[in-house]
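This is what each chain is made of:
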Amino acid sequence: MKAAVLYAANEPLRVEEYPTPTPGTGEVLVKVAACGLCHTDLHYIDHGVPTFKKPPLVLGHEVSGTVAALGSGVKRWQEGDRVLLPAVYGCGECAMCRIGRENVCERMIMFGNNVDGGYAEYMLAPAKDVLAMPEEIPLVEGAIIADATTTPYHAVINRGRVKPGDRVVVFGCGGIGLNVVQIAAAVGAHVIAVDVVDEKLQWASDFGAQETVNSQAVERVDKEIRNLTGGGADIGFECIGNPVVQSQTFNSLRNGGRFVVVGFASKPMSLNTGKVMYREMEIIGSLGCRAVDYPRVLELARQGKIKVKELVTARFSLDDINEGLDVLRQGSGIRSVVTP
């Protein structure tokens with residue numbers, strides 16, 4: 001099969017012939033329809049963040065496709081079934097899995113990190129973790145649900161605990177941030193979106209933000225948010241992974257506010273712990289999505305309660321994947337997918 005393979009950091013992915021895997025016991029072989037291009041992969045390619053499986057490695061963790069072959073013992077699935085693969089899956093045995101928090105499993109597996117992922121014509125997945133893709137959701141665009149939609153759902157619903165009427169500020173209106181915007185808006189929150197690109201702020205409005213702020217157009221963005229909300233937002237989401245922006249998000253909150261860290265940052269932010277204590281601030285991390293929530297997100301997308309197709313603004317063939325990664329680096333569009 002053809003695959004885009006990571007051999008070393010700071011090198012383009014190599015599109016080449018790669019062994020087609022054979023499903024083992026309890027596994028399915030998936031013919032990849034699409035795989036989303038995600039900033040996580042740029043951490044490995046551009047910044048040398050190590051993967052758990054040493055290269056050569058096929059990256060890609062936002063995958064949709066059809067079942068191509070079944071391993072022994074697999075009875076639920078049939079060849080040709082439309083499926084979505086979760087970005088990560090748990091062992092099912094550790095303490096975190098036992099309490100329903102598979103997204104922080106002690107032995108968590110991530111496609112395109114611990115095992116080969118979806119920048120290929122075929123890939124393996126455990127049959128127990130595969131999800132049926134509803135017919136109402138387009139198979140190619142639906143690939144981004146695996147991460148770009150489910151990760152924000154978990155951040156908004158489970159970690160941010162957003163309720164109707166909450167004043168929410170979202171810093172960063174890329175693929176993840178725009179989904180935080182639309183899911184928080186769907187819950188009934190008053191959403192303020194912050195970015196430095198007016199086009200992205202317009203998208204945020206289209207996805208449900210009631211107000212937008214270009215942080216470069218104001219003297220202090222945290223002060224601007226406090227003015228707009230009469231003292232500070234109830235909940236703030238940082239969706240970039242920038243320590244400076246993380247501080248801005250935290251400083252935009254009211255007393256007793258909740259700061260949800262969604263973006264990955266390799267460097268620490270500055271934090272006034274005296275303020276955390278004296279004003280009873282909450283700081284909450286959010287990673288991926290629990291297995292139990294994937295069907296809920298798929299149902300919201302099936303009903304059209306959250307947008308999916310509109311988020312995919314570019315498609316690339318596997319041969320052109322490095323061009324697609326350049327588009328990702330430039331911050332162009334909302335979300336791109338590779339269609340092997």
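Residues numbered from 1 in each chain as written. Predicted model: local features only at pLDDT ≥ 70, side-chain atom pairs only at ≥ 80, totals over all residues. Heavy atoms only, no water.

## Brief notes about the sheet that holds strand β16 (residues 282-285)
Backbone hydrogen bonds hold the strands of a sheet together, and the pairing may be parallel or antiparallel.
Point 1. Strand order in the open sheet made by the six strands is β13-β12-β11-β14-β15-β16, with parallel pairing throughout. Looking along the sheet, the strands with just one partner apiece sit at the ends: β13 (211-214) and β16. The average angle at which neighbouring strand axes cross in this sheet is 20 degrees, direction not considered.
Point 2. The pairing of strand β12 (residues 190-195) with β13 spans four bridges and is classified as parallel. Within the sheet, the bridge partner assigned to Asp195 lies in β13 and is Asn214.
Point 3. On top of the sheet, helix α7 (residues 243-251) reaches β11 (167-171), β14 (233-238), β15 (253-261) and β16; it is set at about 145 degrees to β15, its chief contact. (Pairing = 2+ DSSP bridges. Helix = DSSP H or I, 4+ residues; strand = E, 2+ residues; numbered from the N terminus. Axes fitted to C-alpha atoms, helices over the stretch in contact; angles between N-to-C directions. Contact = heavy atoms within 4.5 Å.)

## Remarks on the environment of Val58
Point 1. Locating Val58 in the fold gives a position in strand β4 (residues 57-58).
Point 2. Discounting chain neighbours no more than four positions away, the residues touching Val58 are Ala3, Ala4, Val5, Tyr18, Gly112, Val115, Asp116, Gly117, Tyr119 and Ala120.

## Quick word on helix α10 (residues 321-330)
Point 1. For α10, the complete set of buried residues consists of Ile321, Gly324, Leu325, Val327 and Leu328. The buried residues of α10 all sit within an arc of 155 degrees when viewed along its axis, so they share a single face.
Point 2. Contacts made by the buried residues of α10 are with β1 (2-6), β2 (14-17), α1 (39-47), β17 (312-316) and β18 (335-338).
Point 3. Immediately beyond the C-terminal end of α10, within one or two residues, lies Gly331, with a positive phi of roughly 75 degrees. (Buried < 20%, exposed > 50% of the residue type's maximum accessible area, 1.4 Å probe, protein only. Arc of directions from axis to C-beta.)

## Topic: helix α6 (residues 221-229)
Point 1. Within α6, the full set of buried residues consists of Val221, Asp222, Ile225 and Thr229. Relative to the axis of α6, the buried residues are bounded by an arc of 105 degrees and lie together on one face.
Point 2. If you follow the buried residues of α6, they end up packed against β11, β12, β13, β14 and α7.
Point 3. Positive phi shows up at Gly230, right after α6, with a value of about 70 degrees.

## Observations regarding the sheet that holds β4
Point 1. Here we have three strands laid out as an open sheet, ordered β2-β1-β4, and antiparallel in their pairing. Each having just a single partner strand, β2 and β4 make up the two edges of the open sheet.

## Here we look at the pattern of salt bridges
Point 1. All told, the structure shown has 20 salt bridges when counted by the stated rule.
Point 2. For the salt bridge of Glu282 with Arg161, the shortest nitrogen-to-oxygen distance reads 3.1 Å. With a gap of 121 residues between them, Glu282 in strand β16 and Arg161 in the loop between α3 (150-159) and β11 connect regions that are remote in the sequence.
Point 3. What makes Arg161 partly exposed here is its relative accessible area of 33%.
Point 4. Between Arg258 and Glu282 there is a salt bridge, and its shortest N-O distance comes to 3.5 Å. Here the residue Arg258 occupies a position in strand β15, and Glu282 occupies one in strand β16, the gap between them amounting to 24 residues.
Point 5. A residue is classified by how much of its surface remains accessible, and Arg258, at 15% relative accessible area, is buried.
Point 6. When salt bridges that share partners are traced, they join Asp46, Asp326 and Arg329 into one network. (Salt bridge = Lys/Arg side-chain N within 4 Å of Asp/Glu carboxyl O.)

## Quick notes on the packing of α3 against helix α4 (residues 175-187)
Point 1. α4 packs onto α3 with a crossing angle of 45 degrees between their chain directions and a minimal axis gap of 8 Å. With respect to α4, the axis of α3 lies oblique. For the pair α3 and α4, the sense of crossing is right-handed. On the side of α3, the interface is formed by Thr151, Pro152, Tyr153, Val156 and Ile157, while α4 contributes Ile176, Asn179, Val180, Ile183, Ala184 and Val187.
Point 2. A per-class count over the contact of α3 with α4 returns nine nonpolar, two polar and no charged. (Parallel < 35°, antiparallel > 145°, perpendicular 65-115°, else oblique. Left-handed = near helix turned anticlockwise from the far one by under 90°. Nonpolar A, V, L, I, M, F, W, Y, C, P; charged D, E, K, R; others polar.)

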